[in-house]
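The chain contents come next:
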Amino acid sequence: MLVAAAVLPCPPLLVPQVAAGAASELDPARAACTDALGVLAAARPDVLVVVGPDERSGLTRYPQGTRGSFRGFGVGVDVRLGRAAEAVPGRELPSSLAVAAWLLERTGWADAPVEGVGTGAALPPERCAEAGRDIAARAGRVALLVMGDASACRTVKAPGYLDERAAPFDAEAARALGAADLAAVASLDPGLARELQASGRAPWQVLAGAAEGAGLSGSLLYDDAPYGVGYLVATWS
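Quick caveat: nothing in here was measured; it's all calculated off a predicted structure.

Chemist: Please clarify how the environment of Asp149 should be interpreted in this entry.
Modeler: Checked against the element boundaries, Asp149 lands in the loop between strand S7 (142-147) and helix H5 (166-179). With a relative accessible area of 11%, Asp149 lands in the buried category. Considering only alpha carbons, one finds Asp149 and Thr66, 83 residues apart in sequence, at a separation of 22 Å. With sequence-adjacent residues up to four places away left out, Asp149 is seen in contact with Pro9, Cys10, Pro11, Ala198, Ser199, Gly200, Trp204, Val229, Gly230 and Tyr231.

Structure below.
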């Protein structure tokens, strides 16, 4: 059963070495992420499942110990999902889960085993909900760390340029996530999310499925759009 969740943004710029001279600009976002991870730790889960956008289609599972790296961003920072004794060979973490692994290492996560699930951008809402229900049934006490950004179209300098639909989309996502409004999260339009480059849509809808019947309350900790991209931090507990 799902006992707690944290919703975090997943830009590699959260890693100071990647952001370099601009690292301080995301200090408020990093602080909110740390607070949200504290809520997960306080829930004392049996397992933590990290869900985030993936370049691969469908659902891809990443066991504890899977390696990730930010070397593609020009910095020699390597991470590992969870505190496995040995790294797991094979595929590497997608960037969203690598950011999650970095945040967990930064805060010293040692409260429960960690597993990862990557969600393809085209994953339909009903499949997301089904995946969420499956995740919630894995253990008596499950926590979710949900990675994903809101729109990337908030300003003319944003990655997706300015789209007037972006601010209303982000505002509704922030309201729904802050209120733990399962129906509103589940009803986010995947087509519009794709057009606005909102990578969090599928992971958020996995969360909505996992939270069915859990009776969790939400809290919005951070809502801003640095660089024209919507970053949200919320907790459900």
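Chemist: Whenever I open this one, the packing of aromatic side chains confuses me. Can you help?
Modeler: The description of an aromatic ring pair uses the distance of the two centres, along with the angle that the planes make with each other. Summed over all chains, the structure comprises one aromatic pair. The residue whose ring lies beneath Arg91 is Tyr62, and the NZ or CZ to ring-centre distance is 5.8 Å.

Chemist: Hey, could you run me through the sheet that holds strand S3 (residues 59-62) in this one?
Modeler: The strands making up a sheet are joined through hydrogen bonds of the backbone, oriented either antiparallel or parallel. What the seven strands build is an open sheet, ordered S3-S6-S2-S7-S1-S9-S8; its pairing is mixed. Looking at strand neighbours, the two that pair on one side only are S3 and strand S8 (218-224), the edges of this open sheet. Here the strands of the sheet are splayed against their neighbours by 15° on average, with no regard to which way each runs. Examined bridge by bridge, strand S1 (residues 2-8) and S7 share six bridges and lie parallel to one another. Bridged to Ala6 within S7 is Leu145. Each of S1, strand S2 (47-54), S7, S8 and strand S9 (231-236) touches helix H2 (residues 27-42); the most contacted strand, S1, lies at about 170° to it. Packed on one face of the sheet, helix H3 (residues 95-106) meets S1, S2, S3, strand S6 (114-120) and S7 and runs near 145° to S2.

Chemist: Would you explain the pairing of S6 in this entry?
Modeler: For a regular strand, side chains alternate in direction, first toward one face of the sheet and then toward the other. A large share of S6 lies buried, amounting to six of its seven residues. With seven bridges connecting them, S2 and S6 associate as parallel partners. Counted as the bridge partner of Val49 is Glu115 from S6. With four bridges joining them, S3 and S6 adopt antiparallel strand pairing.

Chemist: Looking at this structure, I do not really get the environment of Glu92. What am I missing?
Modeler: Following the sequence through the fold, Glu92 ends up in the loop between strand S5 (78-80) and H3. Put simply, Glu92 and Leu37 are 55 residues apart on the chain and 23 Å apart in space, counted from C-alpha to C-alpha. Non-local contacts of Glu92, meaning those with residues more than four positions away in its chain, are made with Arg56, Tyr62, Thr66, Arg67, Gly68 and Ser69.

Chemist: What should I look at first to understand the pattern of salt bridges in this one?
Modeler: It is possible for side chains of opposite charge to pair when their charged atoms get near one another. A complete count under the given rule lists eleven salt bridges for this structure. The partner of Arg30 in a salt bridge is Asp27, with the nearest N and O atoms 2.8 Å apart. Note that Arg30 and Asp27 are positioned in helix H2 at a spacing of three residues, about one turn of the helix. Of the charged contacts, one joins Arg56 and Asp54 as a salt bridge, the two residues approaching to 3.7 Å between their closest N and O atoms. Of the residues examined, Arg56 reaches a relative accessible area of 34% and is grouped as partly exposed.

Chemist: I keep staring at unusual backbone geometry and nothing clicks. Help me out?
Modeler: Across the chain, the bulk of peptide bonds are trans and the bulk of non-glycine residues have phi less than zero. One non-glycine residue, Arg44, adopts positive backbone phi at about 50°. One can find Arg44 in the loop between H2 and S2. Residue Tyr161 is not a glycine yet carries a positive backbone phi of 65°. If you trace the backbone, Tyr161 turns up in the loop between S7 and H5.

Chemist: Would you explain the nonpolar core in this entry?
Modeler: One recurring pattern in soluble globular proteins is that nonpolar side chains are buried together. Of all hydrophobic cores here, the largest spans 44 residues; its most connected members are Leu8, Val50, Phe70 and Leu145. Those elements giving two or more residues to this core turn out to be S1, H2, S2, H3, S7 and S9. No other element matches H3, which puts eight residues into this core. Here Leu145 is in contact with Ala6, Leu8, Leu37, Leu40, Leu48, Val49, Val50, Val51, Ala100 and Leu104, once residues within four sequence places are set aside. With 41 residues, the next largest nonpolar core counts Val117, Ala211, Leu232 and Trp236 among its residues.

Scoring rules and cut-offs
- Residues numbered from 1 in each chain as written.
- Predicted model: local features only at pLDDT ≥ 70, side-chain atom pairs only at ≥ 80, totals over all residues.
- Heavy atoms only, no water.
- Helix = DSSP H or I, 4+ residues; strand = E, 2+ residues; numbered from the N terminus.
- Buried < 20%, exposed > 50% of the residue type's maximum accessible area, 1.4 Å probe, protein only.
- Contact = heavy atoms within 4.5 Å.
- Phe/Tyr/Trp six-rings, centres within 6.5 Å; stacked < 30°, edge-to-face > 60°.
- Lys NZ or Arg CZ within 6 Å of the ring centre and 35° of its normal.
- Pairing = 2+ DSSP bridges.
- Axes fitted to C-alpha atoms, helices over the stretch in contact; angles between N-to-C directions.
- Salt bridge = Lys/Arg side-chain N within 4 Å of Asp/Glu carboxyl O.
- Core = buried A, V, L, I, M, F, W, Y, C linked by side-chain atoms within 4.5 Å.

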